[in-house]
Amino acid sequence: MKTLTKPGIVPRLLSHLLEWPVAEYSSPHNEHLQVVLHRGRYKLLTDGAIYSFGDLYSNYTKCFERLNWAAHDFHSCLVLGLGLGSIPEMLVHTFHKDLEFTAVEIDEVVTHLAFEYVLSPRNIRVQVFTSDAASFLEWHEGQYDLICSDVFAGDHIPPEMETSEALEAMRDMLHPQGVLLFNRLSRHPSDIKKNIRFRDEAFLPVFPEGGYLDVQGNWMFVSSLKAFRP
């Protein structure tokens, strides 16, 4: 573990020009975890993948910008894969939503980092379950207005999160008129091929009104396309 002093005003200014290292950790689930300050936001990196980047975690930002909030009375949000807490952070401070947050994160070190650098300093309350997301879906009985699935191991999604059983569990946790967002990479032709197979064989049979939003480098699968503006 290597932790540097929390950045002051000069590193924050310099972070708009370069990534400013803040902390390095390892855990049983992630050999390399690095927190950097970039463009004034904390970013969590591991094995070449970005796990969090505040409101610049653009795949979710773009979806939230297109979500028809006025047509939905959202009170609760389940985040599968907490990271540094980018999703709660942007919902509270960028989109000004007053939601009750529940999150699932398998890595206790990541949870510690989320509260240390983002959630506690920004006064965001999140109930966190330490569990792998697939197991959580098997036993948890809560219901939510918004579910955000952002579960990655490095740059791939654990296979158990891509099954019909996992998707059915998420569907059953949604309140009526609730919305699921399921994040998937789409950087390479092989990603696109996997996404199309996932869409046709797993996602649409469970969410027949669903589809995906292309958010530049990711496809965000959504439970209902009607919930989003064109």
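One structure accompanies this document, and this report is about it. Since this is a predicted model, take the numbers as computed values, not measurements.

**Side note on the overall build of the chain**
Each helix and strand counted, the chain has seven helices and twelve strands in total. Every one of the 230 residues in the chain was classed for burial, and the buried ones make up 52%. In the chain, 62% of the contacts between residues at least 6 apart in sequence involve partners at least 24 apart. In the form shown here, the chain has an accessible surface area of approximately 11400 Å², with 50% of it arising from carbon and sulfur atoms.

**Quick word on the pattern of salt bridges**
Counting across every chain of the model gives five salt bridges. Taking the shortest distance from any N to any O, the salt bridge between Arg 171 and Asp 172 comes out at 3.3 Å. With relative accessibility at 35%, the residue Arg 171 sits in the partly exposed group. With a relative accessible area of 49%, Asp 172 lands in the partly exposed category. Ionic pairing is found between Arg 199 and Asp 200, a salt bridge with its closest N-O pair at 2.8 Å. When its relative accessible area of 23% is taken as the criterion, Arg 199 is described as partly exposed. Taking relative accessible area as the criterion, Asp 200 reaches 41% and is therefore assigned partly exposed.

**Focus: the pairing of strand 11 (residues 211-214)**
In strand 11, alternate side chains face the same way, and those of Gly 211 and Leu 213 are buried while those of Tyr 212 and Asp 214 on the opposite face are not. Linking strand 11 to strand 12 (residues 218-222), which pair antiparallel, is a turn of three residues; within it Gln 216 sits at a positive phi near 60°.

**Details of the packing of aromatic side chains**
Enumeration according to the criterion identifies 16 aromatic pairs in this entry. Each ring, one from Tyr 42 and one from Tyr 117, has its centre 5.1 Å from the other, and the planes form 55°; the classification is tilted. Of this pair, Tyr 42 sits in strand 4 (residues 41-46) while Tyr 117 sits in helix 4 (residues 108-119), and the two are 75 residues apart along the sequence. Tyr 42 sits in the buried class, given a relative accessible area of 12%. For the ring pair Tyr 212 and Trp 219, a centre distance of 3.8 Å and an interplane angle of 10° mean the geometry is stacked.

Reading the values: rules and limits
One numbering rule holds for all chains: residues counted from 1, following each sequence as written. Local features in this predicted model are restricted to residues whose pLDDT is 70 or higher, and side-chain atom pairs enter the listing and the counts only when it is 80 or higher, whereas totals over whole chains, interfaces and linings include all residues. With hydrogens and water set aside, each side-chain value is computed from the structure's full complement of heavy atoms. In this description a helix means any DSSP run of H or I spanning at least four residues, a strand means any run of E spanning at least two, and both kinds are numbered starting from the N terminus. With a 1.4 Å probe rolled over the protein chains alone, any residue whose accessible area is under 20% of its type maximum counts as buried; one over 50% counts as exposed, and the rest are partly exposed. Contacts are residue-level and defined by heavy atoms, with any inter-residue pair within 4.5 Å sufficient. Values of accessible area rely on a 1.4 Å probe in the Shrake-Rupley scheme; residue burial ignores everything except the protein chains shown. Throughout this description, the term salt bridge denotes a Lys or Arg side-chain nitrogen within 4 Å of a carboxyl oxygen of Asp or Glu. Pairing between two strands is assigned when DSSP locates at least 2 bridges connecting them. Between rings of Phe, Tyr and Trp, where Trp is taken as its six-membered ring, a pair exists when centres lie within 6.5 Å; planes separated by under 30 degrees are stacked, by over 60 edge-to-face, and by other angles tilted.

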